[in-house]
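One-letter residues, chain by chain:
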Amino acid sequence: MSKLYTLLFVLFTLLPFSAKGRTQSSVQVQPAFWWSGMVNPTLQLVLHGHNIGHSQVTLSTTDVSIDSIVRPVNSNYLLVYLNIGRARAQRFNLQLQSGRTRQRIAYELKARDAAPKAQGFDAADVLYLLMPDRFANGDVRNDVVKGLRESTASQAPDARHGGDLAGMTRHLDYLDSLGVTTIWPTPLLLNDMPAGSYHGYAITNYYEVDPRFGSNADYRDFVSQAHKRGMKVVQDMVFNHCGSMNPLFVDRPDSTWFNNNSHYVQTSYKIAAVTDPHASGADAQNAQDGWFVASMPDFNQRNPHVMRYLIQNAVWWIEYAGIDGIRQDTYPYADRQAMARWCEELKAQYPHLNIVGETWLNNNVGVSAWQKDSPVAQGLCNSQLPTVMDFPLMGLLNSALDERTNEWDKGLARIYDYLSQDNVYADPAHLLTFMSNHDTDRFARVQAQAMQSWRYRQALTLLLTLRGIPQLYYGDELAMAANKGKGDGALRQNFPGGFAGDSINAFTGSHMTPLMQQTYDFTRRLLQWRKQCDAVKYGSLRQFTVADGVYVYSREYKGHTVTIMLNGTDAPACVSLARYAEALPASTARDVVSGRTLRLDQGTLQLDVRGVVVLDFAK
């Protein structure tokens, strides 16, 4: 028996070397492949396999070298740092040997292709935020995927509904026709959690699209199809935390990969403590190092191996899928200095890339402190984050329009006051502006508000003509209504027409209610006009103090002026035009809202109750 055992052992240890060009090892490697010609010559490989931690590692190539090998406490891991320098595109092998056990792992450095990558997005764009699970079901075969923990699909509010990449790709023409330029899906990566992870923010594999949405190749095709239509794609990334079923947590390299030594400590969510000059150390530490929820362990970005893993993951998706920008979730909850390095390294590789961080603070000073070159972030490292989210303006758009405007502190006067403080921002043009998103009440909290069509018209006009980068939430264009009091699932209803049995199909316009059609038509008119109007994309902003309940401002760019007038009262308004002469460069202008040409040489202009006029002085 001993001779037979020896023979079988020798055959077993040699077997991995018998295949040609394929990995015959049970060792998992992330990233699975990389590219030659990258700015950073260092490549971190995270190897995960049973008891590989003491293995010696050699390479079968001469123009790639090993810089260092890190052996974590958990012997199921090896971190191999390679120097790829000017290495050509090639296939080579990593050879692991521990005693008489040998394994060979095939690896590839790919040649970078010429497809567009990281084009960025700016104030010329309008983002459309959608939830893949709730937008459209294009392939019912992936509604339930055998082997995943959440194995059933239903229409329960917090269950998976079946939307996927196939549905998103199928309806790109709808989004293009609507007039949005950039698509932001909530995270598409694998969330193999027991329940309630349809939203995508509990990632369990940072290199795999969730099979219930499709495959990595399906995602790359979606991006390619968007590009063919002149549209861009922003990927939602989550680097503050992961899902608790992620192997990096279940079988973690060591306890320092996650905050609080990998033990659950709840964050206070009082993230202002991170930038508060008067904050106690305990508050600042808890806000940033505490876990978002118990099922989402908090990465320790101060661990350099963790940060290298996250940086490389962002680069990998840009190279592989050709995405144009990044939205980074819960940005202030991650380590500020580490995330600044992340921004710097990505910008070094992709100079046109734009990154927007979720900066959920309810005042402009707090938001400003997270933007690159912030004038109010004294004593803090430069965040290097180009774009931040204008949550204070969102709050105003949702509340100010429900008030009757006076000249001082109600209604549209509050929006005037807020914009008058824009000098707290390093770059107001790089604020992501929005009326609602997947975590907030919809703009119409109840159906009665949706029926007030003037409310949406005024808010959308403000959103699309003020400074910043506008973002719509899917269904805004259909007057969808919901409030957070009924749960997150209510905020994330299925898009009408995206699922079998829907009585209304907004993609085709079939059976839409009059309110849906009216809202859609208004949204499309403004979006398509905005695509051609450089004045509202790039122009300087000039605003006038509110008078008689009317708010007037203009955008001016290279001799092109657009002037907007909003009546914030419940009575018709007669606007005296002499006061606004510097924003009225001609005696006639086209009103984008009504499509009519208006004469402005009569001294006054009539505005309807809660009316909107958008005067385009295009030559």
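This is a predicted model, so every value here is computed, not measured. (Residues numbered from 1 in each chain as written. Predicted model: local features only at pLDDT ≥ 70, side-chain atom pairs only at ≥ 80, totals over all residues. Heavy atoms only, no water.)

Draft legend 1. Geometry of the packing of helix α8 (residues 304-321) against helix α9 (residues 336-349). The geometry of α8 relative to α9 is characterised by a closest axis approach of 10 Å and an angle of 35 degrees between their N-to-C directions. By crossing handedness, the relation of α8 to α9 is classed as right-handed. Across the interface between the two elements, M307, R308, L310, I311, A314 and V315 from α8 touch A338, M339, W342, E345 and L346 from α9. Classifying every residue of the contact of α8 with α9 gives nine nonpolar, no polar and two charged. (Axes fitted to C-alpha atoms, helices over the stretch in contact; angles between N-to-C directions. Helix = DSSP H or I, 4+ residues; strand = E, 2+ residues; numbered from the N terminus. Left-handed = near helix turned anticlockwise from the far one by under 90°. Contact = heavy atoms within 4.5 Å. Nonpolar A, V, L, I, M, F, W, Y, C, P; charged D, E, K, R; others polar.)

Draft legend 2. Looking closely at the sheet that holds strand β17 (residues 431-434). Pairing is parallel in the closed barrel, where eight strands are placed in the order β9-β10-β13-β14-β15-β16-β17-β18. Going across the sheet, the axis of each strand differs from the next one's by a mean of 25 degrees, ignoring polarity. Relative to strand β18 (residues 469-473), strand β9 (residues 127-130) is paired through three bridges, and the arrangement is parallel. Across the sheet, residue L129 finds its bridge partner in β18, namely Y473. The sheet contacts of helix α14 (residues 453-465) involve β17 and β18, and relative to β18 the element is tilted by about 140 degrees. (Pairing = 2+ DSSP bridges.)

Draft legend 3. Representation of the pattern of salt bridges. Taken as a whole and judged by the stated rule, the model has 36 salt bridges. Two residues, D236 and R327, come together in a salt bridge whose shortest N-O distance is 3.0 Å. Placement of D236 in strand β13 (residues 232-237) and of R327 in strand β14 (residues 325-328) is noted, with a sequence separation of 91 residues between them. The burial state of D236 is the same as that of R327; both residues are buried. Note that E556 and R542 form a salt bridge whose closest N and O atoms lie 2.9 Å from each other. Here the residue E556 occupies a position in strand β20 (residues 550-557), and R542 occupies one in strand β19 (residues 540-547), the gap between them amounting to 14 residues. When salt bridges that share partners are traced, they join E150, R160, D210 and R212 into one network. (Salt bridge = Lys/Arg side-chain N within 4 Å of Asp/Glu carboxyl O. Buried < 20%, exposed > 50% of the residue type's maximum accessible area, 1.4 Å probe, protein only.)

Draft legend 4. View of the nonpolar core. Within the largest apolar cluster, 170 residues are counted, with the highest numbers of intra-cluster contacts made by Y128, Y219, W342 and Y551. For this core, the element with the highest residue contribution is α8, accounting for twelve residues. Judged by nonpolar contacts, the second largest core, of 19 residues, contains A547, A583, L584 and A589. (Core = buried A, V, L, I, M, F, W, Y, C linked by side-chain atoms within 4.5 Å.)

Draft legend 5. Molecular detail of the side chain of R160. Take R160: it is sitting in the loop between α2 (132-135) and α3 (165-170). On the basis of relative accessibility, which here comes to 2%, the residue R160 falls in the buried class. Side chain to side chain, R160 and S197 meet in a polar contact 3.2 Å long. With residues near it in sequence (within four places) discarded, R160 still touches D133, E150, A153, S154, N191, S197, Y198, D210, R212 and F213. (Polar contact = N/O pair within 3.5 Å; in protein donor to acceptor, adjacent residues only side chain to side chain.)

Draft legend 6. The arrangement of the sheet that holds strand β2 (residues 34-35) in detail. With mixed pairing, the four strands of this open sheet are ordered in space as β2-β8-β7-β4. The two strands at the open ends of the sheet, each matched to only one other strand, are β2 and β4 (56-59). In this sheet, strand β8 (residues 101-110) lies alongside strand β7 (residues 90-98) in antiparallel orientation, the contact comprising nine bridges. Bridge assignment links N93 to a residue of β8, and that residue is A106.

Draft legend 7. Fine view of unusual backbone geometry. Backbone torsion omega between Q30 and P31 reads -5 degrees, so that peptide bond is classified as cis. You can see P31 is positioned in the loop between β1 (28-30) and β2. Although it is not a glycine, T330 adopts a positive phi angle of roughly 40 degrees. With relative accessibility at 4%, the residue T330 sits in the buried group.

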